[in-house]
Amino acid sequence: MRRVFSRIFRRFSSRADLLVLSVVLGPSLAAHAQADEPVGYYDSATGTGATLKSQLHDIIDNHRVFSYGALRSLLQETDAVPGQPGFMDVIYDTAHVNVAAINPNGSIPGWDSAATWNREHTWPRSRGVGSSGPDNSDLHHLRPSLTQTNSDRGSLSFGGAFGSRGGDAGTISDGGLVWYPGDEDAGRVARSMFYTAVRYDGSDSQTTDLELSNSANPGTNQLGRLDRLLEWHYAAPVDDFERLRNDRVFGHQNNRNPFVDRPEYAWSVFKDQQNDSRLTLRHGTEASDGSSTQAIEFGPVIVGAALPSTQDVLLLKEGLAGTYYEVRTTGGASSAQAGRYNAFEIGSIDMATLNVGLTGSTATPGTLSGSVIIDNLDVTTGRGTGFGALDGDDTISLSLDVLAHANPSFAADQDVDALTLDLGQIDLASGDIFLDFGFEIFNLDAADGLTADLRSLGVSASGDTFAFNVFPTTFEVAAGSSRELFAMAGGSGPPPGEYTATYEFQFADADLPGATTLEPLTLTLIAELVDGSAFLPGDFNDSGQVEQGDLNLVLNNWGLDTDATGVPAGWVNDADLSGVVDQAELNLVLNNWGVAAAPALRGFAVPEPGMGLAGLAALWAGTRTRRRGLVA
């Protein structure tokens, strides 16, 4: 914009042409976004105290000078109200002036020969500002003001505690009669006066050395009260309008107000080099250099969940000096209080609340993290390590784990959602109330340590559920781990028979933001319950009678290894657990020839007399082991 203005400016030769041009360009400049200073603008401002003041003077000296008359249009641009086309902000009053309605067709639209508003020298002419030098029309300290308010202020020095007069502008007694500019303008006025005292040291033609004083009635070329201006500077920090105005003025004059861009310079230039401010996180871990750290873990969420709510962190200022501090973020961290225009007031230990959080997407598993860094911007070093410029940065570390959904499975290395367990034949009369069978449910870790825990919601069952039992039915499984469960069949309730039941395990993620219900797992149980008390010894072919068929089985399989594969249909075990078909089986057939009974366990051999219950239990144990099956 400034380059465009310069090219057009050279095409006009008269001041009247310039005034018309200013009106044409006004809306564009009013809409121009606020910006930071150009890169490197303050690189030479490396000192403190008087040295820093001199360095700043050299940076902002030799600005482009406009006539006092040109300000009738230029102030309408520099002080245009953002978002309210045609309105202009006026100093010392909270109202805005509709300049678009003032003399719209006149030679200077918006200007009615000071009937409504005029050009206020915030540093009055009677206190050192000349009538023909660059200070007479410097936009950094001239502001539009309602004509009556301008008259009320006169040439009074500024003063009054911040918040005086209920926030409104007006005269007040503060070591003498002074002018309080109102809460809204107090900080802005202070920084304008700082600029003026640095910019004008008498080295420019037709100017004098302007100085700030703590007196309400200072001497020649002085303005008071400096102590109140410093108070306001920290009590009413730089705001967005002030930054925007600074940038607009820069677009015209090609110089900036350092105390708007870098408010931290004020203490060193106008107070002393002993700023005792020290910033620490109230609940952080503090180091000897004044730095402190605090970690906030927002706790895990599951993919798709909303980000957790922000949290408040307390920032403590030790020491009585005022200071500005910068809040900046790294990574995915956010802070409601950001930038370099945050301040603590003079005169007390104070505390501020920083509202911090994390930004980013929870669409995929991973870790969101970032830091909020607080930097004490004061430039003085006289107080030593841990204070002012030597106060170490304070860091809030933020993190959040985004977890994948849990994934239940019957297998450890693949997603298996259905399992069939054949519990085999179970003797209701064997003395075992239940027969148990262990199996595992796994929570597959899909995101390498970033998977939610698995939570069981219970089990729904169908089929012959009276013949079985599964436990436990509620449990949790960590990611990458498993939980052993048990299935049982038998007992004293169900009669002999073949039974099947289906159990559907319901699951959800661990109780975290983003948790959902998950695909169920289906377990099918099969078992045959038999009454061993009705077994017919020697009925190997399960015909209900010991006869030729049973003898043929024994003779045809004489010497057969019954633990091997290829055992004839109907065989479960040999009678005496010898491991082969031999004389014991033949004796059973011969001793029970022709005996008939109810259907019994196929091929179950009743031991010879003297074998006893211990032998029977051992025989059943061997049978149970060999009959168990698992089908996925």
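If you're wondering where the values come from, they're calculated on a predicted model, not measured in any experiment.

Trans is the common state for peptide bonds, and a negative phi is the common state for residues other than glycine. Note that the residue after Gly224, namely Arg225, is joined by a cis bond; omega there is -15 degrees. Assignment of secondary structure puts Arg225 in the loop between strand 8 (222-223) and helix 7 (226-235). A cis amide bond links Phe471 with the next residue in sequence, Pro472, at an omega value of -10 degrees. Its location among the elements puts Pro472 in the loop between strand 24 (468-471) and strand 25 (476-477). Of note in this structure, Asn62 is not a glycine but carries a positive phi near 60 degrees. Here Asn62 lies in the loop between helix 3 (49-60) and helix 4 (71-78). One non-glycine residue, Ala114, lies in positive phi territory at about 70 degrees. Given a relative accessible area of 22%, Ala114 falls into the partly exposed group.

The next point concerns the environment of Ala418. Mapped onto the fold, Ala418 is located in strand 21 (residues 418-427). Measuring from C-alpha to C-alpha, the distance between Ala418 and Leu521 comes to 5.9 Å, with 103 residues separating the pair along the chain.

What follows deals with the pattern of salt bridges. Side chains that differ in charge, positive against negative, can pair when their charged atoms come close. Enumeration according to the criterion identifies 25 salt bridges in this entry. One salt bridge connects Arg188 with Asp89, and the closest N-O pair in it is separated by 3.9 Å. Pair noted here: Arg188 is in helix 6 (residues 183-199) and Asp89 is in strand 1 (residues 87-89), with a separation of 99 residues, a long-range link. Residue classification places Asp89 among the buried residues on the basis of a relative accessible area of 3%. When the shortest N-O distance is used, the salt bridge between Arg228 and Asp174 registers 2.8 Å.

Further remarks concern helix 12 (residues 583-591). All of the buried residues in helix 12 are Ala584, Glu585, Leu586, Leu588 and Val589. The secondary structure elements touched by the buried residues of helix 12 are helix 11 (548-556).

The subject of this paragraph is the confidence of the model for the protein. Overall, the predicted model of the protein reaches an average pLDDT of 87, with 84% of residues at or above 70. Segment residues 1-33 is flagged for pLDDT under 50; beyond a separation of four residues in sequence, or across chains, it makes 39 contacts in the model. Confidence drops under a pLDDT of 50 for residues 598-632, and excluding neighbours within four residues, the segment shows 66 contacts in the predicted structure.

Okay, the sheet that holds strand 15 (residues 333-335) next. In spatial order, the strands read 9-13-17-15; together these four strands make up an open sheet with antiparallel pairing. One side of each edge strand has no neighbouring strand; the edge strands of this open sheet are strand 9 (278-281) and strand 15. Taken pair by pair, the neighbouring strands of this sheet meet at an average axis angle of 35 degrees, ignoring direction. Of the pairings in the sheet, the one linking strand 13 (residues 311-318) to strand 17 (residues 350-358) comprises seven bridges and is antiparallel in character. Across the sheet, Lys317 pairs through a bridge with Asp350, a residue of strand 17.

Here we come to the pairing of strand 19 (residues 394-403). Across a regular strand the side chains alternate sides, sitting on one face of the sheet and then on the other. Examined bridge by bridge, strand 11 (residues 292-297) and strand 19 share six bridges and lie parallel to one another. Bridge pairing links Gln294 to Ile396 in strand 19. Across two bridges, strand 12 (residues 301-302) lies against strand 19 in parallel orientation. Bridging from a neighbouring strand, Ile302 pairs with Leu403 of strand 19.

Parameters and conventions
- Residues numbered from 1 in each chain as written.
- Predicted model: local features only at pLDDT ≥ 70, side-chain atom pairs only at ≥ 80, totals over all residues.
- Heavy atoms only, no water.
- Helix = DSSP H or I, 4+ residues; strand = E, 2+ residues; numbered from the N terminus.
- Buried < 20%, exposed > 50% of the residue type's maximum accessible area, 1.4 Å probe, protein only.
- Salt bridge = Lys/Arg side-chain N within 4 Å of Asp/Glu carboxyl O.
- Contact = heavy atoms within 4.5 Å.
- pLDDT = per-residue confidence, 0-100.
- Pairing = 2+ DSSP bridges.
- Axes fitted to C-alpha atoms, helices over the stretch in contact; angles between N-to-C directions.

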